Amino acid sequence: MKLLIASRNSDKIKEIKMIINRLDWEILSLSEIAPDLEIIEDGKTLEENARKKAEIVMAKFGLITLGEDTGLEVDALQGQPGIYSARFAGEKATYQENVKKLLELLNGIKNRTARFRCVCALAFPNNLNIPTQIFEGICQGVIIETPKGNSGFGYDPVFMPEGYEKTFAELPIEEKNKISHRAKALLKVKEFLQKIDTQFHKIGYSKDLS
């Protein structure tokens, strides 16, 4: 079967493919089939944004579609940046600009507990008669004062997961992909896809939905 990732973020796409790559599915992304498609993320929650991306792209291309939205929630900032994580310092902000703003707001603050929250939505073509599925993953941690590490992306250089003394950007990608918020959500996605794949095999459903 084909799974379409409703994203053009190359870093996210790479990470998603690494986590679910053992599925016997062809994995596509918007950057491959519709690089100019824009979806306005105007939801008030991560779930609303993930669901919107998945359902809009599924309706357009008729493929099982994965929508994903992730937010960093900092306790001292009352849950900010949350759904605005990717554009915390502005609509076209770079990773570095977002991190800079975050650290400036936390300057002098002792409580630096935070969590990454990831919500994935799976939308299915009408002929499969499967409602949109929602999966969530959370990773607790703290925000350090100075960025460390050259791996990962986004806020990874300043996020130290609970139980570790290294940031996401310092951890080997294989280790990060075992404990991260996105990994936790995507492993649930993977389990669900494996389940329906087995069911389709039993009833002889065509694996080519395109």
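Structure report, in brief. On a predicted model such as this, the values are computed, not experimentally measured, just so you know. (Residues numbered from 1 in each chain as written. Predicted model: local features only at pLDDT ≥ 70, side-chain atom pairs only at ≥ 80, totals over all residues. Heavy atoms only, no water.)

The next thing to look at is the overall build of the chain. From N to C terminus, the chain includes six helices and seven strands. In sequence order, the chain lays out its α and β elements as β-α-β-α-α-β-β-α-β-β-β-α-α. Radius of gyration (C-alpha) of the chain: 18 Å, near the 17 Å computed for a compact globule of 210 residues. Counting across all 210 residues of the chain, residues that qualify as buried make up 50%. The contacts of the chain with a sequence gap of at least 6 include a subset with a gap of at least 24, amounting to 62%. One way to put it: in the chain the 30 positive side-chain charges average out to a point 1 Å from where the 30 negative ones average out. (Helix = DSSP H or I, 4+ residues; strand = E, 2+ residues; numbered from the N terminus. Rg over C-alpha atoms; globule rule 2.2 N^0.38 Å. Buried < 20%, exposed > 50% of the residue type's maximum accessible area, 1.4 Å probe, protein only. Contact = heavy atoms within 4.5 Å. Lys, Arg positive; Asp, Glu negative; His and termini not counted. Charge placed at Lys NZ, Arg CZ, Asp CG, Glu CD.)

This part is about the state of the cysteines. This structure, assessed with the given rule, holds zero disulfides. No disulfide involves Cys 120; its sulfur sits 4.0 Å from that of Cys 118, the nearest cysteine. By relative accessible area, Cys 120 is classed as buried at 0%. (Disulfide = S-S within 2.5 Å.)

What follows deals with the environment of Ile 64. Structurally, Ile 64 is set in strand E3 (residues 64-74). Since its relative accessible area comes to 0%, Ile 64 is described here as buried. Ile 64 sits 58 residues away from Leu 122 along the chain, and the two C-alpha atoms are 7.0 Å apart.

Where strand E1 (residues 2-5) meets strand E2 (residues 26-29), four bridges bridge the pair, whose relative direction is parallel. In the sheet register, Lys 2 faces E2, and the bridge partner there is Glu 26. Of the pairings in the sheet, the one linking E1 to E3 comprises three bridges and is parallel in character. If you follow Ile 5 over to E3, its bridge partner there is Leu 66. (Pairing = 2+ DSSP bridges.)

Here we come to the packing of aromatic side chains. Taken as a whole and assessed by the stated rule, the structure comprises six aromatic pairs. The rings of Phe 116, Phe 159 and Phe 168 are connected pair by pair, giving a single aromatic cluster. Above the plane of the ring of Phe 61 lies Lys 60, whose end atom (NZ or CZ) is 5.8 Å from the centre. (Phe/Tyr/Trp six-rings, centres within 6.5 Å; stacked < 30°, edge-to-face > 60°. Lys NZ or Arg CZ within 6 Å of the ring centre and 35° of its normal.)

For strand E5 (residues 113-123), the buried fraction is high: nine of the eleven residues fall into the buried class. Examined bridge by bridge, E3 and E5 share ten bridges and lie antiparallel to one another. The residue of E5 that forms the bridge with Gly 67 is Ala 121.

Three or more residues of helix H1 (residues 10-20) are buried, namely Lys 12, Ile 13, Glu 15, Ile 16, Ile 19 and Ile 20. Buried residues of H1, viewed axially, fall in a sector of 165 degrees; they line one side. Exposed side of H1, more than 90 degrees from the buried face: Ser 10 and Lys 14 are the residues found there. For H1, the capping residue at the N-terminal end is Asn 9, with a side-chain oxygen 2.9 Å from the backbone nitrogen of Asp 11. (Arc of directions from axis to C-beta. Polar contact = N/O pair within 3.5 Å; in protein donor to acceptor, adjacent residues only side chain to side chain.)

This part covers the nonpolar core. Core analysis: the largest hydrophobic core is formed by 26 residues, its most contacted members being Ile 64 and Leu 122. Among the elements of the structure, E1, H1, E3, E5 and helix H6 (181-203) are those that each provide at least two residues to this core. It is H6 that contributes the most residues to this core, seven residues altogether. In this structure, Leu 77, Leu 106, Ile 143 and Val 158 belong to the second largest nonpolar core, which totals 20 residues. (Core = buried A, V, L, I, M, F, W, Y, C linked by side-chain atoms within 4.5 Å.)

The next thing to look at is the pattern of salt bridges. Under the counting rule described, the total for this entry stands at 18 salt bridges. Taken together, the shared-partner salt bridges connect Lys 12, Glu 15, Glu 68, Asp 156, Lys 176 and Arg 182 into one network. (Salt bridge = Lys/Arg side-chain N within 4 Å of Asp/Glu carboxyl O.)

Here Arg 115 lies in strand E5. According to the relative accessible area criterion, Arg 115 is buried, its value standing at 14%. Only 3.2 Å separates the side chain of Arg 115 from the side chain of Gln 140, close enough to count as a polar contact. With near-sequence residues (within four places) excluded, Arg 115 lies in contact with Gly 71, Leu 72, Glu 73, Asp 75, Ile 138, Cys 139, Gln 140 and Phe 159.

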